[in-house]
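So you can see what is in the structure, the chains are spelled out below.
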Amino acid sequence: MFNAGLFLQIWGGFFYLLAKLLLAFSEDKAGSKKLRISGWISYLSGIPAWVIILAGNNDWVVAAVELGSIPSMVLGILTAWRPDNAGNKIFVTFVRFFTFFTIIAGTSYSIYYFHGITTFSQVLEILITIGFLLGSYLLAKNNTTGWLLFVLMCISMILLMVLQDKLLLASLQGVSLIVVLTGYIKAIKRKHYKR
């Protein structure tokens, strides 16, 4: 019998994990343009599944955040494609503004809807929002701090998925956390060796 929930968990979890793997491996490769582009495309491929899963659990803020990350992912593709000219300045400014606007709007809506910060899952959603959106934006700009924000996002998502009994996704996020930490270490080493 077909289990749609399990299928969505595998789809979303696989593409997000693959994206993190590709981006992490690109950190120590010279000329890693193809890996970075493939990583950002993999993220885009996983978005529909995550949106359906999160919206199905009434995690509207995080579901909206997933959609709100699309401009940063497009910026990541453009930056990887042409690192010397990371895209149109107007587009970069738009992505920066959109990222911060989405973080503020999502957090404000959550606080308004719940009349303050009232549940642990709400705190996790806010942390996921900040970690994913700001982390994606910074990684798209090749800023290693994005990896640390992804650590925050992974830990928060693991806890949220455990609370919702989505143990497969929680496990995949655990693996993602290891990959994210590996990406951060590789990025720091690369940065250190460039000096």
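From a predicted model like this one, the values you see are computed outputs, not experimental measurements.

Colleague: I'd like a description of the packing of helix α2 (residues 33–56) against helix α4 (residues 70–81), backed by residues and values.
Modeller: Contact geometry for α2 and α4: axes closest at 8 Å, N-to-C directions at 165°. One element, α2, and the other, α4, form an angle in the roughly antiparallel class. In terms of crossing hand, the pair formed by α2 and α4 is left-handed. When α2 is examined against α4, the residues Lys-33, Arg-36, Ile-37, Trp-40, Ile-41, Tyr-43, Leu-44 and Ile-47 are found in contact with a partner set consisting of Ile-70, Met-73, Gly-76, Ile-77, Ala-80 and Trp-81. Taken together, the residues that form the contact of α2 with α4 break down as eleven nonpolar, one polar and two charged.

Colleague: Before we move on, can you summarise the packing of helix α1 (residues 4–26) against α2 with the specific residues and values?
Modeller: In the contact formed by α1 and α2, the axes pass within 7 Å of each other and the chain directions differ by 155°. As far as their axial angle goes, α2 and α1 are roughly antiparallel. At the point where α1 passes α2, the crossing takes the left-handed sense. Each residue belonging to the contact of α1 with α2 can be placed in one class, and the counts come to 18 nonpolar, nine polar and two charged.

Colleague: Before we move on, can you summarise the nonpolar core with the specific residues and values?
Modeller: Tyr-43, Phe-132 and Met-161 are the most contacted members of the largest nonpolar core, which has 49 residues in total. Those elements that provide at least two residues to this core are α1, α2, α3 (60–68), α4, α5 (89–113), α6 (120–140), α7 (145–163) and α8 (167–194). For this core, the element with the most residues is α7, which contributes ten residues. Apart from the residues within four sequence positions on either side, Met-161 is in contact with Trp-50, Leu-54, Lys-166, Leu-169 and Ala-170.

Colleague: Pulling in residues and values, what's your account of the environment of Leu-75?
Modeller: Summarising the element assignment, Leu-75 is placed in helix α4. Under the relative-accessibility criterion, Leu-75 is labelled buried at 0%. Along the sequence, Leu-75 and Phe-91 sit 16 residues apart, while their C-alpha atoms lie 8.1 Å from each other.

Analysis parameters
- Residues numbered from 1 in each chain as written.
- Predicted model: local features only at pLDDT ≥ 70, side-chain atom pairs only at ≥ 80, totals over all residues.
- Heavy atoms only, no water.
- Axes fitted to C-alpha atoms, helices over the stretch in contact; angles between N-to-C directions.
- Helix = DSSP H or I, 4+ residues; strand = E, 2+ residues; numbered from the N terminus.
- Parallel < 35°, antiparallel > 145°, perpendicular 65-115°, else oblique.
- Left-handed = near helix turned anticlockwise from the far one by under 90°.
- Contact = heavy atoms within 4.5 Å.
- Nonpolar A, V, L, I, M, F, W, Y, C, P; charged D, E, K, R; others polar.
- Core = buried A, V, L, I, M, F, W, Y, C linked by side-chain atoms within 4.5 Å.
- Buried < 20%, exposed > 50% of the residue type's maximum accessible area, 1.4 Å probe, protein only.

Taken by themselves, the reported measurements are silent on function.
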